[in-house]
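One letter stands for each residue in the lines below.
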14 protein chains.
Amino acid sequence: MDNMSMIAVASILCAGVTTSFGCLGPALAEGRAVATALTALAQQPDASATITRTLFVGLAMIESTAIYCFVVSMILIFANPFWNYVISQTPGK
Amino acid sequence: MDNMSMIAVASILCAGVTTSFGCLGPALAEGRAVATALTALAQQPDASATITRTLFVGLAMIESTAIYCFVVSMILIFANPFWNYVISQTPGK
Amino acid sequence: MDNMSMIAVASILCAGVTTSFGCLGPALAEGRAVATALTALAQQPDASATITRTLFVGLAMIESTAIYCFVVSMILIFANPFWNYVISQTPGK
Amino acid sequence: MDNMSMIAVASILCAGVTTSFGCLGPALAEGRAVATALTALAQQPDASATITRTLFVGLAMIESTAIYCFVVSMILIFANPFWNYVISQTPGK
Amino acid sequence: MDNMSMIAVASILCAGVTTSFGCLGPALAEGRAVATALTALAQQPDASATITRTLFVGLAMIESTAIYCFVVSMILIFANPFWNYVISQTPGK
Amino acid sequence: MDNMSMIAVASILCAGVTTSFGCLGPALAEGRAVATALTALAQQPDASATITRTLFVGLAMIESTAIYCFVVSMILIFANPFWNYVISQTPGK
Amino acid sequence: MDNMSMIAVASILCAGVTTSFGCLGPALAEGRAVATALTALAQQPDASATITRTLFVGLAMIESTAIYCFVVSMILIFANPFWNYVISQTPGK
Amino acid sequence: MDNMSMIAVASILCAGVTTSFGCLGPALAEGRAVATALTALAQQPDASATITRTLFVGLAMIESTAIYCFVVSMILIFANPFWNYVISQTPGK
Amino acid sequence: MDNMSMIAVASILCAGVTTSFGCLGPALAEGRAVATALTALAQQPDASATITRTLFVGLAMIESTAIYCFVVSMILIFANPFWNYVISQTPGK
Amino acid sequence: MDNMSMIAVASILCAGVTTSFGCLGPALAEGRAVATALTALAQQPDASATITRTLFVGLAMIESTAIYCFVVSMILIFANPFWNYVISQTPGK
Amino acid sequence: MDNMSMIAVASILCAGVTTSFGCLGPALAEGRAVATALTALAQQPDASATITRTLFVGLAMIESTAIYCFVVSMILIFANPFWNYVISQTPGK
Amino acid sequence: MDNMSMIAVASILCAGVTTSFGCLGPALAEGRAVATALTALAQQPDASATITRTLFVGLAMIESTAIYCFVVSMILIFANPFWNYVISQTPGK
Amino acid sequence: MDNMSMIAVASILCAGVTTSFGCLGPALAEGRAVATALTALAQQPDASATITRTLFVGLAMIESTAIYCFVVSMILIFANPFWNYVISQTPGK
Amino acid sequence: MDNMSMIAVASILCAGVTTSFGCLGPALAEGRAVATALTALAQQPDASATITRTLFVGLAMIESTAIYCFVVSMILIFANPFWNYVISQTPGK
């Protein structure tokens, strides 16, 4: 296996693992936040405006960590500086 | 094993692992959100409109992380830039 | 082991792992949702219509992540682009 | 070890792991659902019709993920396209 | 180690692991179901008919996943298509 | 290491692991069932007949999964078809 | 390492692991059962006859799974059919 | 594999793992903080100003640890001193 | 490494692991049983005779599983049939 | 792989793992501290000054452990004494 | 590495692991027992004689499993039959 | 890889792991201590002096274990006796 | 690597692991015991004499298991019979 | 890698792991003890003298296990008998 394919394999594996593993935490955290929001709504229907607003700010904050992972994953697949360097060095393979 | 098959094997393994592992978190989170929604409905049937709406927004948010994983998995199988590059370099094998 | 069998082995292993692991989360999540639905029904029998409807929407949502995994698994067994490419390159072996 | 036995070994291992691991989640989930159904019945014997009906729908839903795994396992043992291809290529060994 | 023994070893290992691992989930789930049934009986002795009936349906459902694993295990030991094919190819060894 | 000893080693390891691992679940499940039975008896001594009967049915059901594992283990030690085949092929070693 | 010592090593390792791992579950389960029995006795001293009887039946049932493991372990050390076969084949070494 | 690709592979793997693993903790922690904020709001709607302010300070603090990981990951991809040194040493490869 | 030392090493490792791992379960179980006995005594000092008696029977039962492991460990060190056989085959080395 | 790249690879891997793993604990701990602060505020709005002050001292203390990890990570990337020594020994590579 | 050092290494590793791992369970169990004893004393100071006596019997019982591990560890270091045999076979090395 | 780089690699890896892993425990422990302090303050605002003092003593005590790890890590990077010895032995490399 | 250094490495590794791992259990157990003692003191300040005495006996008992590990660790570093034997066999190296 | 560096590497790795892992337990235990002390103070401010005294004795006891690990770690870095022996055997390298 030469350099080029080594880097390709590492990028592929890493992109998948980053996305899947990086979504575990945000998904669970969002599930927890939504679940508590529902409990809170059932307990105090009058405060639904404040609760909904706080929930959405929180979900956006949590989703941001999932976005970080997705961004790193996309960079590794479509804008990988190491791959670009190696390609530029290979003369028609 | 030459470069081409190495990349193919990595893509196959990664596609499967990304989807299956990436669905673990969202599934559990959705289960939790739905479960609390049901508890909330039983506690406060009058607030069912607010609860259902919040639940659906939350489920959509959580499902989005599962979608990220599915998208990465599909990219790795059907639109893999590394595989395309290697194929384009191989003259009829 | 040549390229062809390597890809076959990876596809087989990955199909099985994707399905079995990908069903773990949805199964547990559905179990949780159903369990809470039953508790909710016992607590508030009058709201059974809303509870049942919310439960079914939630189960469909959770089942969808299991379906993603099953679809990826079927693609890897019966419509694997890497396998098809390798087969098309092998002249009667 | 040649290609043929490699694929056979992978199929055997994968069939077993898929079934055994894939049954873990559904079994635990069904146990949870049945357990809550029993608690609910003890709490609210009058709602036994609704509870039993919801329980059976839920169990069917959960069982479906176990069925996916069993189906993949049976496909790998008795209708494996990779094995069939390799067999068709081997002239009486 | 030739092909034949490789397949035999894989079948032996897989049969054992499938049965033992596949029994973990059902056993725990049945323990949970039985435990809740007993609690329910102590709480509501009058509903013992409904509770017992629901318990038995649930146990049968859970046991079915253990049966799947046992069946796959028996197929791998006594009706293994890969082993049969290899045996049929070996001329008295 | 030749074929024969390979199969023997796999059978030995598998027999032990199957029994020991396969007893983990049933033991814990029975412990749970017995524990709840005792709690139920202390709570509702009058229902001891129903409780004891349900406990014994449940224990038998759980024990059955331990029996499956023990049976597979005994088959692998004393009635192993792969070992028998290999022995029949070896002319006095 | 020749066949004989391979089988001996596998038997030794397996005997130890089977006993030690197989005792984990029963020990924890018995601890749970005894603990609940003590709580039940403190709660309902009058039912001590029924509680003690049920406890002993349960302990016997749980101990049986530990016995299975111990039996398999003893078979592997003192009545191992694979070892006996290999010894019978070795002419004084 | 020469030095250059070794460093590239290590950087790729490390960037992905750092981001995905480093987001697990912050995501869960933010989920917890948001969840408690919602419970607190439902309990004491009058203190919503103090609660919201404390929540945002806390989220910023927690997000900072996710930012550390993202920064390290970006440094490893786009400003890696080891990679730069190796590139500067390689004369046109 | 020849046969003899291989068996010696396996016996040493296994003796240690069996004892240490096999003591984990019983120790935790006894701790639980003793802890509950103390709670029970504090709750119902009058039933101390029954509680103490049941505790001792339970501790003996749990200790028995630790004894199994210790016995297997001692057999492996001081009465190992495989070691004895190998020693008897080695003519003064 | 020569010495220089070995040290580079170790530094890269270690920097990433140190930051990501070292942020897990502080993130979870801060999440817990913030969550309890919010609960405390909802319970005792009058003590918000003391609570906020104690919270900030605590967060600073916890953040300090995350800072230790980030510092070690930065030292390994930008001020690594081992790398500097090796570079100083290499005459223009 | 010859036989002698192999056995020495195995004995050293095993002695350490046996003691450290074997102390985990008893330490936790004793901590639990002592903790409950203290709770019980605070609840029922009059029963301190019975509680203290039961606690000491329990601690002795639990300590015994730690002693087993320590004994096996000491046997492996200072009275190892396998080491003694190998030493007696080595003529001054 | 010669001795020098081996020691360098081990020091780098160990410094990172020691700091990151060693901060896990203290961070979680401080989070717990701070959380309880906040609960205590909300419950008993009058005792805030005693609570704050005890909290700071406790945090200092816990932080000390994190300091131990940081110190060991710094010793391994900047005052490593093994590295110094090897450097002193290498004549200008 | 010759025998001597092999034994040295095993002793070093084992001494560290034994102490660090062997301190995990006692530390947690003592933490639990101290925590309950404090709760008990707050609940029943009058029984502080009995509580303190029982706590100290319990701590001594738990500390003893940590001492076992420390002793084994010291024996392995400073009074290792295997190392002494090997040293005595090596004539000035 | 010769003997000397092997021992150096083992000492470095072991020193780091011993300190970091050995601090996990004490840190968590101290966190628990401090947390309970704070709860106790909030519950019973009058007993603060006894609580503080018992807390400090307990913290000292728990810290002692962390000290053991730190001592072993320092011995391995600065007073390692195996390293000293090897250095004394190497004539200026």
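Since this is a predicted model, take the numbers as computed values, not measurements. (Residues numbered from 1 in each chain as written. Chains lettered and ligands numbered in written order. Predicted model: local features only at pLDDT ≥ 70, side-chain atom pairs only at ≥ 80, totals over all residues. Heavy atoms only, no water.)

## Notes on the overall build of chain A
- In terms of helices and strands, chain A carries 3 helices and 0 strands.
- Seen through its C-alpha atoms, chain A measures out along the principal axes to roughly 70 × 20 × 10 Å.
- Counting the 93 residues in chain A, one finds 61% classified as buried.
- A sequence separation of at least 24 residues applies to 79% of the contacts in chain A between residues at least 6 apart.
- Carbon and sulfur atoms make up 65% of the accessible area of chain A, which amounts to about 2900 Å² in all. (Helix = DSSP H or I, 4+ residues; strand = E, 2+ residues; numbered from the N terminus. Buried < 20%, exposed > 50% of the residue type's maximum accessible area, 1.4 Å probe, protein only. Contact = heavy atoms within 4.5 Å. Areas by Shrake-Rupley, 256 points an atom, 1.4 Å probe, with all protein chains shown as cover.)

## Some words on the interface of chain G and chain F
- Contacts between chain G and chain F engage 43 residues on the former and 46 residues on the latter.
- Carbon and sulfur atoms make up 80% of the surface buried where chain G meets chain F, a total of about 3900 Å² over both sides.
- Connecting chain G to chain F are 0 salt bridges.
- Linking chain G with chain F are 4 residue pairs in polar contact (both at pLDDT 80 or more).
- When residues of the side of chain G that touches chain F are traced back to their parent elements, those giving at least two are helix 1 (3-43), helix 2 (48-78) and helix 3 (81-89) of chain G.
- It is helix 1 of chain G that contributes the most residues to the side of chain G that touches chain F, 21 residues altogether.
- The residue makeup of the side of chain G that touches chain F, split by class, is 27 nonpolar, 15 polar and 1 charged. (Buried area = accessible area lost by both parts, 1.4 Å probe. Salt bridge = Lys/Arg side-chain N within 4 Å of Asp/Glu carboxyl O. Polar contact = N/O pair within 3.5 Å; in protein donor to acceptor, adjacent residues only side chain to side chain. Nonpolar A, V, L, I, M, F, W, Y, C, P; charged D, E, K, R; others polar.)

## A short note on the packing of helix 1 of chain G against helix 2 of chain G
Residues and elements named next belong to chain G.
- Two elements in contact, helix 1 and helix 2, have axes separated by 8 Å at closest approach and are oriented at 175 degrees. By the angle between their axes, helix 1 is roughly antiparallel relative to helix 2.
- Per-class residue counts for the contact of helix 1 with helix 2 are 19 nonpolar, 7 polar and 2 charged. (Axes fitted to C-alpha atoms, helices over the stretch in contact; angles between N-to-C directions. Parallel < 35°, antiparallel > 145°, perpendicular 65-115°, else oblique.)

## Section: helix 3 (residues 81-89) of chain B
- Taken together, the buried positions of helix 3 of chain B are occupied by B:Phe82, B:Trp83, B:Tyr85 and B:Val86. For helix 3 of chain B, the angular spread of the buried residues around the axis is 160 degrees, confining them to a single face.
- Tucked into the core, helix 3 of chain B has its buried residues touching helix 1 (3-43), helix 2 (48-78) and helix 3 (81-89) of chain A, helix 1 (3-43) of chain B together with helix 3 (81-89) of chain C.
- Capping the start of helix 3 of chain B, B:Asn80 holds a side-chain oxygen 3.1 Å from the backbone nitrogen of B:Phe82, two or three residues further along. (Arc of directions from axis to C-beta.)

## Focus on the arrangement of the chains
- Structurally, chain A and chain L remain out of contact, their C-alpha atoms never closer than 18 Å.
- No part of chain C reaches chain L; the closest C-alpha pair between them is 28 Å apart.

## Considering the UniProt feature "transmembrane region" (unreviewed entry) in chain A
- Feature annotation in UniProt places "transmembrane region" (unreviewed entry) on residues 55-79 of chain A, given in this structure's numbering.
- Measuring from the first to the last C-alpha atom of residues 55-79 of chain A gives 34 Å, for a span that is 96% helix and 0% strand. (UniProt positions renumbered as here; feature names shortened; annotations may be inferred.)

## Observations concerning the interface of chain K and chain M
- Taken together, the contacts link 46 residues of chain K with 41 residues of chain M.
- Buried area between chain K and chain M, both sides added, is near 3900 Å², and the carbon and sulfur share of it is 80%.
- The largest share of the area that chain K buries against chain M comes from K:Ile12, K:Leu38 and K:Ala42, three residues that together contribute 16% of it.
- Where chain K touches chain M, the interface holds 0 salt bridges.
- Seen at the junction of chain K and chain M, the total is 4 residue pairs in polar contact (both at pLDDT 80 or more).
- At the level of elements, helix 1 (3-43), helix 2 (48-78) and helix 3 (81-89) of chain K are the ones that each hand at least two residues to the side of chain K that touches chain M.
- The biggest single contributor to the side of chain K that touches chain M is helix 1 of chain K, with 26 residues.
- Of the residues that constitute the side of chain K that touches chain M, the class distribution is 31 nonpolar, 10 polar and 5 charged.

## Observations regarding the UniProt feature "domain: V-ATPase proteolipid subunit C-like" (unreviewed entry) in chain A
- If you check UniProt for "domain: V-ATPase proteolipid subunit C-like" (unreviewed entry), the listed places come out as residues 13-76 of chain A in our numbering.
- Between the first and last C-alpha atoms of residues 13-76 of chain A the distance is 10 Å; the span itself is 94% helix and 0% strand.

## A short note on the environment of H:Thr19
- When you line up the elements, H:Thr19 lands in helix 1 (residues 3-43).
- Here the alpha-carbon distance between H:Thr19 and H:Val9, two residues 10 residues apart in the chain, equals 16 Å.
- Sequence-distant contacts of H:Thr19, that is, excluding residues within four places in its chain, are made with A:Tyr68, A:Cys69, A:Val72, H:Phe70 and H:Ser73.

## Some remarks on the packing of aromatic side chains
- Scanning the entire structure with this criterion turns up 56 aromatic pairs over all chains.
- Seen from their ring centres, E:Trp83 and F:Tyr85 are 5.4 Å apart, and the 80 degrees between their planes marks the pair as edge-to-face. In this pair, E:Trp83 sits in helix 3 (residues 81-89) while F:Tyr85 sits in helix 3 (residues 81-89), so the two residues belong to two different chains. Here the two residues E:Trp83 and F:Tyr85 agree in accessibility, since each one is buried.
- Pairing I:Trp83 with K:Phe82 gives two aromatic rings, centres 4.8 Å apart and planes at 85 degrees, and the pair type is edge-to-face. Here I:Trp83, found in helix 3 (residues 81-89), pairs with K:Phe82, found in helix 3, and the two come from separate chains. (Phe/Tyr/Trp six-rings, centres within 6.5 Å; stacked < 30°, edge-to-face > 60°.)

## Focus: helix 1 (residues 3-43) of chain F
- Taking 1.5 Å as the rise per residue, helix 1 of chain F with 41 residues should run 60 Å; its terminal C-alpha atoms sit 60 Å apart, in good agreement.
- Along helix 1 of chain F, the largest kink reaches about 25 degrees and is centred on F:Leu24; proline F:Pro26 follows within four residues of it. (Expected span 1.5 Å × (residues − 1). Bend = angle between axes of the 7 residues up to and from the residue.)

## Things to note about the relation of the copies chain K and chain M
- Superposition record for chain K on chain M: RMSD 0.0 Å, screw rotation 26 degrees, translation along axis 0.0 Å.
- A low fraction, 17%, of the interface residues of chain K reappear at the interface in chain M, so the copies pair through non-equivalent surfaces. (Least-squares fit on C-alpha atoms with pLDDT ≥ 70 in both.)

## Structural notes on the confidence of the model for chain A
- Across chain A, the average pLDDT comes to 88, with 96% of residues at 70 or higher.
- Within chain A, helix 3 of chain A has the poorest average pLDDT of any element, 86, and helix 2 of chain A the best, 91. (pLDDT = per-residue confidence, 0-100.)

## Here we look at the side chain of F:Thr18
- Residue placement: F:Thr18 occurs in helix 1.
- Those residues in contact with F:Thr18 that sit more than four places away from it in its chain are E:Gly16, E:Val17, E:Ser20, F:Cys69 and F:Val72.

## Some details on the environment of A:Ser64
Residues and elements named next belong to chain A.
- Note that Ser 64 resides in helix 2.
- The exposure class of Ser 64 is buried, given its relative accessible area of 18%.
- Residues Ser 64 and Pro 26 lie 38 residues apart in sequence; the distance between their C-alpha atoms is 8.6 Å.

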